[in-house]
Amino acid sequence: MRAYNILDSPHRRLNLLTGEWVLVSPQRAQRPWLGQVEKVPAESLPAYDPNCYLCPGNKRAGGAQNPHYTSTFVFDNDFAALLPPASGLPTPAATEPGPNLFVAEAEPGICRVVCFSPRHDLNLPELSQSQVEAVVRTWADQSRDLGERDFISYVQVFENKGALMGASNPHPHSQVWASGHIPNEPAKELRAQSEYFHRHQSCLLCDVLAAETRSSERLVVANPHFTALVPFWAVWPFEVLVLSNRHVAALTDLTPSEVTGLADLLRRVTARYDNLFETSFPYSMGFHQAPGDGQAHSEWHLHAHFYPPLLRSATVRKFMVGYEMLAMPQRDLTPETAAERLRVLSDQHYRAARVGEDAGHNYNL
Ligand code: H2U
Ligand code: ZN
């Protein structure tokens, strides 16, 4: 009898960060596709769009006028999902329990938008190294500024890129939502990292990084400060986990060389993404840093998740429906194959339309 080989047979894998399982069905990768085909995004956008709410000097939807900014630009979201307590809402501590069965509580917070640069047409892999460093420093500054407030427990930095991900504007930007409670995803990760730390007296993601570096089969790209890999438990076809090589808890802990390293790695990962199907690759990405809840978080390891929806081409996406919505996530392409496909791609963006000094960083790996 043939031995059971997980690489060509259905199996499930445990996500050590969330405690949830993913079903992997490698034997199904070649199934035919007669479903929805997405539109390919416009290849060339103008450097400045007079109708864009985020371009320098333009009026936003809420009526405010953007300055003629030249680097990153941060503003309070005009349609914020969370509002600070100053707006009259009670803080969580002041909340009364709901009547009997149903539970609700106040959620104070602050939402901001971070434009990457004045350029309407340049995403992370097309910006220069120093421009992406400015973005990383802005995320760290925002994390510090918002995380220090006493009514904030968690700062979520994220980017929603592309119409396919519901981004309302093509001008490259990210968002920062700071909330009074720790949201669901970081809360699961907090539980898993704390349990692991107490059980093993070592950090979960330090151990994952060491194991992945040893085996190298799921590595995508690395430099002396950060490593990108397809996690063993990836759900999205080309999902990537970015880990700091040093055990740090937050963006605010990064040294200037680590900021350089993170900017370099983000440019390399996103260039590979764009190169994969020669399209501006949509994704949601975000950083998971330690909660700013006044506790010491020695268990927490700074990381970023990239969740991109594309599966086979610029026009065929993975849908999280049916079994995924009702039972558990499922994937056909193995994380090992996805890593291999991303690993062999060039760091040089296929449009090679880089601006500024763009010397990049020639880390010898
Ligand atoms: P998304 O592209 O991910 O939707 O993010 C854009 C954010 O920018 C969105 O949260 C805000 C929206 O509320 N926004 C403003 O605050 N002012 C504007 O003039 C346009 C968009
Ligand atoms: Zn714009």
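Residues numbered from 1 in each chain as written. Chains lettered and ligands numbered in written order. Predicted model: local features only at pLDDT ≥ 70, side-chain atom pairs only at ≥ 80, totals over all residues. Heavy atoms only, no water.

Caption draft 1: Seen up close, the overall build of the protein chain. If you tally the helices and strands in the protein chain, you get six helices and 12 strands. Expressed as a percentage of its 365 residues, the buried residues of the protein chain come to 50%. A fraction of 71% describes how many contacts in the protein chain between residues 6 or more apart in sequence connect residues 24 or more apart. Summed over its atoms, the accessible surface of the protein chain is roughly 17200 Å², and 55% of this surface lies on carbon and sulfur atoms. (Helix = DSSP H or I, 4+ residues; strand = E, 2+ residues; numbered from the N terminus. Buried < 20%, exposed > 50% of the residue type's maximum accessible area, 1.4 Å probe, protein only. Contact = heavy atoms within 4.5 Å. Areas by Shrake-Rupley, 256 points an atom, 1.4 Å probe, with all protein chains shown as cover.)

Caption draft 2: Layout of the nonpolar core. Core analysis: the largest hydrophobic core is formed by 53 residues, its most contacted members being Trp139, Val240 and Phe287. The element best represented in this core is helix 4 (residues 256-277), accounting for nine residues. Once residues lying within four places of it in the same chain are set aside, the contact partners of Trp139 are Val114, Phe116, Val157, Ser174, Leu251, Leu266 and Phe287. Formed by 14 residues, the second largest nonpolar core is a distinct cluster that contains Leu17, Leu219, Trp233 and Val235. (Core = buried A, V, L, I, M, F, W, Y, C linked by side-chain atoms within 4.5 Å.)

Caption draft 3: The arrangement of the site of ligand 1 in detail. Ala61, Asn77, Asp78, Ser168 and Gln175 are the nearest of the 14 residues found near ligand 1. Between ligand 1 and Ser168, the relevant distance is 2.7 Å, taken from an oxygen atom to a main-chain nitrogen or oxygen of the residue. Relative to its unbound accessible surface of 470 Å², ligand 1 loses 87% to contact with the protein. Across the shell around ligand 1, the residue classes tally to six nonpolar, six polar and two charged. (Near = heavy atom within 4 Å. Polar contact = N/O pair within 3.5 Å; in protein donor to acceptor, adjacent residues only side chain to side chain. Nonpolar A, V, L, I, M, F, W, Y, C, P; charged D, E, K, R; others polar.)

Caption draft 4: Highlighting the sheet that holds strand 4 (residues 109-115). Spatially, nine strands are ordered 3-4-6-5-10-11-9-8-7 in an open sheet, and the strand pairing comes out antiparallel. The sheet terminates laterally at strand 3 (73-76) and strand 7 (219-222), the two strands that pair on one side only. Along the sheet, successive strands turn relative to each other by an average axial angle of 20°, direction set aside. Pairing between strand 8 (residues 226-229) and strand 9 (residues 240-244): four bridges, direction antiparallel. Counterpart to Phe226 in the pairing with strand 9 is Ser244. Sheet strands touched by helix 4: strand 5 (154-161), strand 7, strand 8, strand 9, strand 10 (283-288) and strand 11 (303-307). Its angle to strand 8, the strand with the most contacts, is close to 20°. Sheet strands in contact with helix 6 (residues 335-343) are strand 7 and strand 9, and its direction is about 40° off that of strand 7. (Pairing = 2+ DSSP bridges. Axes fitted to C-alpha atoms, helices over the stretch in contact; angles between N-to-C directions.)

Caption draft 5: Main features of the confidence of the model for the protein chain. Residues of the protein chain with pLDDT of at least 70 account for 89%, and the chain-wide mean is 91. Counting contacts from residues 353-359, a segment whose pLDDT is below 50, to residues more than four positions away or on other chains yields 19 contacts. (pLDDT = per-residue confidence, 0-100.)

Caption draft 6: Layout of the packing of aromatic side chains. The full count for this structure, using the stated rule, is 11 aromatic pairs. Connected via pairs of aromatic rings, a cluster forms that spans Phe238, Tyr273, Phe277, Phe281, Tyr283 and Phe306. One residue, Arg12, lies across the ring of Trp21, its end atom 3.9 Å from the ring centre. Seen from the ring of Phe75, Arg60 lies directly overhead, with NZ or CZ sitting 3.8 Å from the centre. (Phe/Tyr/Trp six-rings, centres within 6.5 Å; stacked < 30°, edge-to-face > 60°. Lys NZ or Arg CZ within 6 Å of the ring centre and 35° of its normal.)

Caption draft 7: Quick peek at the coordination of the zinc ion (ligand 2). Donor atoms from the polypeptide that coordinate the zinc ion (ligand 2) comprise Cys52 (SG), Cys55 (SG), His120 (ND1) and His171 (ND1), at 2.0 to 2.4 Å from the metal. Here the zinc ion (ligand 2) binds four donor atoms, and the angle range of 102 to 116° at the metal identifies the geometry as tetrahedral. Motif for the zinc ion (ligand 2), donor spacing along one chain: C-x2-C-x64-H-x50-H. Of this pair, His120 sits in the loop between strand 4 and helix 1 (129-147) while His171 is found in the loop between strand 5 and strand 6 (173-179), placing the two residues 51 residues apart along the sequence. We note that His120, like His171, is buried. (Donors = N, O, S within 2.8 Å, 3.2 Å for Na, K, Ca; no water. Tetrahedral: all angles 85-135°; square planar, octahedral: opposite > 155°, others 65-115°.)

Caption draft 8: Local environment of helix 3 (residues 204-215). Taking 1.5 Å per residue as the helical rise, helix 3 with its 12 residues ought to reach 16 Å, and the 17 Å between its terminal C-alpha atoms agrees with that figure. The complete set of buried residues in helix 3 reads Leu204, Leu205, Val208, Leu209 and Glu212. For helix 3, the buried positions fall inside an angular range of 130° around the axis, keeping them on one side. Of the surrounding secondary structure, the elements contacted by the buried residues of helix 3 are helix 2 (184-200), strand 7, strand 8, strand 9 and strand 11. Two residues or fewer past helix 3, Ser216 is found with a positive phi of approximately 65°. (Expected span 1.5 Å × (residues − 1). Arc of directions from axis to C-beta.)

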